[in-house]
Amino acid sequence: MSLSGKTAIITGSNSGIGLGIARELAKAGADVVLNSFTDRDEDHALAAEISDQTGTNARYVKADMSKGDECRALIETVGVCDILVNNAGIQHVAPIDQFPVDKWDAIIAINMNSAFHTTAAALPMMRKAGWGRVVNIASAHGLTASPYKAAYIAAKHGVVGMTKSVALETAQEPITCNAICPGYVLTPLVEAQIPNTMKEYDMSRDDVIKNVMLERQPSKEFATVEQLGGTTVFLCSDAAAQITGTTISVDGGWTAL
Ligand code: NAD
C-alpha cells in the first residue's frame, strides 16, 4: 500500500498514539503533519526525524485543538488534507457531581468538538482532490462506559456518532469516515494514571496494570501504537474503500465481553 502523494494531518501527534499513527502513515509514503498546542524544538525535531527515516516530507504545525478557530486554521494553513486523523485527547477522572466544569469543557472541546472543526475544514479539500479518509480515534469508551469518566465517555460516544453522520454525508463520494476504538494503550496519557491508582488501591505497578487497567481487556495485553498506526494505514487503503461509518475495535476483546 503506497500513500505516496497523500498529505495526512494528525491532531495531537507529538506523543503516544498520534505519533505512532504518523510514523506508520509516513512509512506507507504519506507526507505527515504533526500537531500539538506547544511549539518546542523537540516537536519540530520529531517531524525532522520522521522525514529522515522515511524520505517523506514531515512537518510540525502548532494549533490548540481546544479552540475551534485554531482547529480550522491548522487545516487551512497546511492547505491540503487527504487524510485527517482526529486524535488529540485528554482525560480527567471524577464523579459527575464533583466533575470540574473547566475539565468537562476542555474534554468536550479537545476530544469531540475539534473533530467537528477539522472535518468541516478538510472535507472541501478532499472533495477537490477527489479522495479522502477521515479516521477518528475514539475509544472502547466510545462504545461502553466506566464510572468517573463521564466527560470522556460523552465525548467519545459523540465522536462515534459524528463518524456515522459524516460517512452518510460522503457515502457517494470517494471519501470514507471511520472511528478506531482502542482499548488500553500504554502511552503518556495512561502512564500518568498509574501512580495514583497504585496509591488508591495500595497495589504494585504490575498489579495495577494487570488487575485494574487490563481487567476488562481479555487479552491482558496493551494494544500498541504501531497496531493503531497499521489499522489507520489499512483504513486508508483501497481494500477499505467500502468501509465507512463504522468502528474498528483494537481492544484485545474488551467490547466482546
Ligand atoms: P497522549 O497524552 O500520549 O497524547 C495526546 C496527544 O494530544 C498529545 O500529542 C497531546 O499533545 C495532544 N493534545 C492534548 N491537548 C491538546 C490540545 N489542546 N491541542 C492539540 N493537541 C493536544 O495520549 P494517547 O493515549 O496517545 O491518546 C491519543 C488519543 O487516543 C486520545 O484521543 C485518547 O482519548 C485516545 N485513546 C487512548 C487510549 C489509551 O489507552 N492510551 C485508549 C483509547 C483511546
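Residues numbered from 1 in each chain as written. Predicted model: local features only at pLDDT ≥ 70, side-chain atom pairs only at ≥ 80, totals over all residues. Heavy atoms only, no water.

Some thoughts on the site of the ligand
Around the ligand lies a shell of 31 residues, among which Asn 14, Ser 15, Ser 36, Tyr 152 and Thr 187 are the nearest. Take Ile 17: an N or O atom from its main chain is 2.7 Å from an oxygen atom of the ligand. Gly 183 places a main-chain nitrogen or oxygen 3.5 Å from an oxygen atom of the ligand. Burial of the ligand by the protein amounts to 92% of the accessible area it has alone, namely 820 Å². Looking at the shell around the ligand, the elements that each hand over two or more residues are helix H1 (16-27), strand S2 (31-36), helix H5 (150-169) and helix H6 (188-191). The leading source of residues in the shell around the ligand is H6, at three residues. Considered class by class, the residues forming the shell around the ligand number 16 nonpolar, 13 polar and two charged. A domain split of the shell around the ligand shows at least three residues from each of domain 1 (7-184 + 223-251) and domain 2 (186-221). (Near = heavy atom within 4 Å. Polar contact = N/O pair within 3.5 Å; in protein donor to acceptor, adjacent residues only side chain to side chain. Areas by Shrake-Rupley, 256 points an atom, 1.4 Å probe, with all protein chains shown as cover. Helix = DSSP H or I, 4+ residues; strand = E, 2+ residues; numbered from the N terminus. Nonpolar A, V, L, I, M, F, W, Y, C, P; charged D, E, K, R; others polar. Domains from an automatic or database assignment.)

Some details on the sheet that holds S2
With parallel pairing, the seven strands of this open sheet are ordered in space as S3-S2-S1-S4-S5-S6-S7. A strand with exactly one partner marks an edge of an open sheet, and here the two such strands are strand S3 (59-62) and strand S7 (247-250). Adjacent strand axes in the sheet meet at a mean angle of 20° when their direction is disregarded. In the sheet, S2 pairs with S3 via four bridges, with the strands oriented parallel. The partner of Val 33 across the bridge, within S3, is Arg 59. Packed onto the sheet, helix H4 (residues 101-129) meets strand S4 (83-86), strand S5 (132-137) and strand S6 (175-182) and runs at close to 175° relative to S4. Sheet strands touched by helix H9 (residues 225-235): S4, S5, S6 and S7. Its angle to S6, the strand with the most contacts, is close to 160°. (Pairing = 2+ DSSP bridges. Axes fitted to C-alpha atoms, helices over the stretch in contact; angles between N-to-C directions. Contact = heavy atoms within 4.5 Å.)

Quick word on helix H2 (residues 41-54)
With 14 residues, H2 extends 20 Å between its outermost C-alpha atoms, agreeing within 8% with the 20 Å of an ideal straight helix rising 1.5 Å per residue. All buried positions along H2 are accounted for by Asp 43, Leu 46, Ala 47, Ile 50 and Ser 51. In a view along the axis of H2, the buried residues occupy a sector of 135°, so they form one face of it. For H2, the exposed residues set more than 90 degrees away from the buried face come down to Asp 41, Asp 52 and Gln 53. Buried residues along H2 sit in contact with H1, S2 and S3. (Expected span 1.5 Å × (residues − 1). Buried < 20%, exposed > 50% of the residue type's maximum accessible area, 1.4 Å probe, protein only. Arc of directions from axis to C-beta.)

Some remarks on the environment of Asn 136
Considering the arrangement of structural elements, one finds Asn 136 in strand S5. The exposure class of Asn 136 is buried, given its relative accessible area of 2%. Considering only alpha carbons, one finds Asn 136 and Ile 209, 73 residues apart in sequence, at a separation of 26 Å.

Thoughts on the domain arrangement of the protein chain
Along its sequence, the protein chain is carved into domain 1 (7-184 + 223-251) and domain 2 (186-221). For domain 1 versus domain 2, the separation of C-alpha centres amounts to 25 Å. Carbon and sulfur atoms make up 54% of the area that domain 1 and domain 2 hide from each other, which totals about 900 Å². Applying the counting criterion to the domain 1 and domain 2 interface returns zero salt bridges. (Buried area = accessible area lost by both parts, 1.4 Å probe. Salt bridge = Lys/Arg side-chain N within 4 Å of Asp/Glu carboxyl O.)

Digging into the side chain of Lys 156
Tracing the chain through its elements places Lys 156 in helix H5. It turns out Lys 156 is buried and unbridged, and the closest side chain with the opposite charge, Asp 251, is 14 Å from it. Only 3.0 Å separates the side chain of Lys 156 from the backbone oxygen of Ile 137, close enough to count as a polar contact. Setting aside residues up to four positions removed in sequence, Lys 156 forms contacts with Asn 111, Ile 137, Ala 138, Ser 139, His 141 and Gly 142. (Lys, Arg positive; Asp, Glu negative; His and termini not counted.)

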